[in-house]
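Remarks on the overall topology
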Amino acid sequence: MQTAQTPSVVSNPPEPPTQSLPRGALLVENFLSEREERSLLAAVAQLGDEQWQRLAHRRVCHFGYVFNYLTRTFESERLGNLPRWTDRVVERIQRVQSVVEQIKSAGPEADSRLAVEAAVLRCMHSELSKDELHCSRTAATHEPVVRFGGWSDVLMAPPNDVTELAAAMQRGGSVQPAFDQLTINEYECGVGLRAHVDTHSSFWGAIASVSLGSSCAFEFRRDAVHTKHASDPIQHVVFVPRCSLLIMDGESRYAWNHFIPMRKNDYGADGRELINRGTRISLTFRHVRHSRQCDCKWVAFCDSQSDTPKGSGGDYKSASSKMIEAARQKHRSELSEQLRSGHLRLEEHFVHKAYESIAPHFDDTRFAIWPRVRRFLSLLDKDACCIDIGCGNGKHLGEMAGHVFKFGCDACPTLMSITRSKIQLAQLGVALAENLPFRNQSFDGAICIAVLHHLSSASARLAALREMARVLTIGGKGIVYVWAREQEHEHKTIDRWIALSDLGVDGAENNDYLAPWLVHVGAREDWKARALELGGEWDHTRRGVKVYRYYHLFEGDELVSLVQSLGNVRVCSSFYERSNWGCVFERVY
Ligand SMILES: O=C(O)CCC(=O)C(=O)O
Ligand SMILES: [Fe+2]
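Position numbers for residues count from 1 along each chain, tracking the sequence in the order it is written. Throughout, the order in which chains and ligands are written sets their labels, letters from A for the former and numbers from 1 for the latter. Two thresholds apply to this predicted model, a pLDDT of at least 70 for residue-level local features and 80 or more for giving and counting side-chain atom pairs, whereas whole-chain, interface and lining totals are computed over all residues. Water and hydrogen atoms were dropped before computing side-chain values, which therefore reflect all heavy atoms in the structure.

A closer look at the site of ligand 1
Around ligand 1, a shell composed of 13 residues is seen, among which Y187, S209, H258, R280 and S282 lie nearest. Contacts described as polar in this section are N or O atom pairs within 3.5 Å, which, within protein, must combine one atom able to donate a hydrogen with one able to accept it, while residues neighboring in sequence count only if both atoms come from side chains. A distance of 3.0 Å separates an oxygen atom of ligand 1 from a polar side-chain atom of H196. H258 places a polar side-chain atom, nitrogen or oxygen, 3.0 Å from an oxygen atom of ligand 1. Under the DSSP-based scheme used, a helix requires at least four consecutive residues in state H or I and a strand at least two consecutive residues in state E, with every element numbered from the N terminus. Contributing elements (two or more residues each) for the shell around ligand 1: β7 (181-187), β8 (193-196), β13 (257-260) and β16 (280-288). Among the elements that make up the shell around ligand 1, the one with the highest residue count is β16 (4 residues). Its residues assigned to classes, the shell around ligand 1 shows 4 nonpolar, 6 polar and 3 charged. When we say a residue is near a molecule or strand, we mean one of its heavy atoms is within 4 Å of it. Ten residue types, Ala, Val, Leu, Ile, Met, Phe, Trp, Tyr, Cys and Pro, are classed as nonpolar, four, Asp, Glu, Lys and Arg, as charged, and the remainder, Gly among them, as polar.

Here it is, written out as structure tokens:
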């Protein structure tokens, strides 16, 4: 699996848990006995290799309906029932849900935290008293602990005999609808889960997740713009132990992002002791929403209700929500399909077309020069010839001293014309880095900044470097920068990106990602319109037009090894700097 890829350089220090939960979430510790855990793990171990789908960092297995990670929806074809070996655990989840429902229906302070916790605890105790469970729970530490993210702490009297309540509900048939979709996730130690809200239009009601084999920290986040009061929390971190049940319902399910940080240990519930992670298996039960239309009140997070999300500035109001939604779904499934069948060439769509669609907005944001690049440019001799390969909006050409003969090329025609309008004394042309239209040994200096990571095969990346070396004079120097797999702020980057291997794209490498560029809601109208027209999609949560760009992230010494493999260059220096790898080299023959 993914252990080999687990970044060792990245430090992602654990945060002590707040042990609080957003409204509507419920954590029941010791929901399963260890014996039950063992038997569930044994059942999972029996699954055949062919039943698992390998994603970038974990593997998953679906029952009932397959979940498609590109479209973020379930596939319509039903696969059959959930496995029988989950029956007992599902029954117990439903019993807990029934108890919570009963308390909530009791009055205005319905989901009082303490009332729900007390009632669920009693329900768990009644479960515990069953012989089979009892004998495997010996130590006092195996007592269930219940945490609920309720509206208030007002203690309402819980029903006196919850056991009776549960029994009565059982007699009247389960009041809880059956789960019809199960995803089994297997996370190796160190692997996390990117922040997301489970698609509203795909699943309705509560989502229940049972943890087996290892604990992990579970985080909930939301944007401050979605809080009513400045003091409302925007983050909860909860330690989820093995054998526990986590239910996400109501606000916690519809209006909070949840994720599992990528790291190898977490603070336990006491916030003091670091607990190492092992391999965690989660069983996540959901209800498929066949209508594919959600009408919840958390409109800002709802993919079904795409009339302008609150505060988004009124853009695109004219288009009906259904049309936007339909177009978006169609776009995503087509993308998934085309990518899988190889019709959509990665670079064509996610590099060339993507840059065309964001070019004016991209230009507006790109002006800073990295210190090492500035230094490289400042050391160019008088009358030197220097080429900027993948010059984008020409910001580096503008930095080159007046006495340098400047050349620039880029694959994006619109960026080239933007550069042309700004940089007067330069020779500019549209060209691919792998095929430079220059004679051998034409340049004393060459820079190639943030370009190689857009080439989708190792051979193309090598070809581009070979071209760079070819056009350099003997003794000429080059500098290369690429995005690193070792991102400094993973929750803002990799955790939000789409791993190509999650999409089932043949030949996708492990470090291949689609990273969104956002033409935000405040950007110029024509920039947003251009991005939408050229394939971008409206993102409700982040409020803007989202355009995915393809990246191959370089890991460890990958860049320097590639440079060294050219044979005719000497590496002068290599470095890691703010989520990028860089290398300066000199052509030696
Ligand atoms: O592993 C878990 O407990 C959560 C999984 C999850 O959030 C999901 O599959 O959407
Ligand atoms: Fe989820």
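Some details on the packing of helix α8 (residues 346-365) against helix α13 (residues 525-533)
An axis is simply a line fitted to the C-alpha atoms; with a helix, the fit covers only the stretch in contact. Between two such axes, the angle follows the N-to-C directions and lies from 0 to 180 degrees. Contact geometry of α8 with α13 gives a least axis separation of 7 Å together with a crossing angle of 150 degrees. Our classification of the angle between α8 and α13 gives roughly antiparallel. The two elements α8 and α13 cross, and the hand of that crossing is left-handed. Of the residues in α13, those in contact with E356, S357, P360, H361 and D364 of α8 are W527, R530 and A531. When grouped by side-chain class, the residues that make up the contact of α8 with α13 number 3 nonpolar, 2 polar and 3 charged. Orientation labels follow simple angle bins: below 35 degrees gives roughly parallel, above 145 gives roughly antiparallel, 65 to 115 gives roughly perpendicular, and whatever is left gives oblique. A crossing counts as left-handed when the near helix is turned anticlockwise from the far one by less than a right angle, and as right-handed when that turn is clockwise. Any two residues whose heavy atoms approach within 4.5 Å are treated as being in contact.

Considerations on the packing of aromatic side chains
Side-chain rings of Phe, Tyr and Trp (the six-membered ring for Trp) are treated as a pair once their centres are within 6.5 Å; stacked means planes under 30 degrees apart, edge-to-face means over 60, and tilted covers the remaining angles. One pass over the full model with this rule turns up 19 aromatic pairs. Between Y65 and F74 the ring centres are 5.7 Å apart and the planes differ by 75 degrees, which places this aromatic pair in the edge-to-face class. A single burial state applies to Y65 and to F74, both of which are buried. Aromatic pair F407 and F443: ring centres 5.1 Å apart, planes at 70 degrees, arrangement edge-to-face. You can see F407 sitting in strand β18 (residues 405-410) and its partner F443 sitting in strand β20 (residues 443-449), a full 36 residues away along the chain. You can call F407 partly exposed: its relative accessible area is 21%. Relative accessibility decides the category of a residue: with a 1.4 Å probe and only protein chains considered, values under 20% of the type maximum give buried, values over 50% give exposed, and everything between is partly exposed.

Looking at the pattern of salt bridges
The term salt bridge refers to a pairing of a side-chain nitrogen on Lys or Arg with a carboxyl oxygen on Asp or Glu at a separation within 4 Å. Throughout the structure, instances matching the rule amount to 22 salt bridges. Ionic pairing is found between R84 and D87, a salt bridge with its closest N-O pair at 2.6 Å. In this structure R84 comes out as exposed when scored by relative accessible area, which is 69%. Look at D87 and you get partly exposed, because its relative accessible area is 29%. Of the charged contacts, one joins R485 and E490 as a salt bridge, the two residues approaching to 3.6 Å between their closest N and O atoms. Ionic contacts of the salt-bridge type, sharing partners, join the residues R23, R222 and E251 into one network.

A short note on a nonpolar patch on the surface
A residue counts toward a patch only above 30% relative accessible area and without a salt bridge, and it is joined to like-charged neighbours within 9 Å or, for Val, Leu, Ile, Met, Phe, Trp and Tyr, to nonpolar neighbours within 5 Å. Values of accessible area rely on a 1.4 Å probe in the Shrake-Rupley scheme; residue burial ignores everything except the protein chains shown. A contiguous nonpolar patch, built from I474, V588 and Y589 and spanning about 300 Å² of accessible area, is present on the exposed surface. Assignment of secondary structure puts V588 in the segment after β27 (580-587). Residue classification places V588 among the partly exposed positions, given a relative accessible area of 36%.

Remarks on the coordination of the iron ion (ligand 2)
Note that water is not among the atoms used; donors are N, O and S atoms within 2.8 Å of the metal (3.2 Å for Na, K and Ca), so sites may look incomplete. Within the protein, the atoms that donate to the iron ion (ligand 2) are H196 (NE2), D198 (OD) and H258 (NE2), at distances of 2.1 Å. Counting along the primary sequence, the residues that act as donors to the iron ion (ligand 2) give the motif H-x1-D-x59-H.

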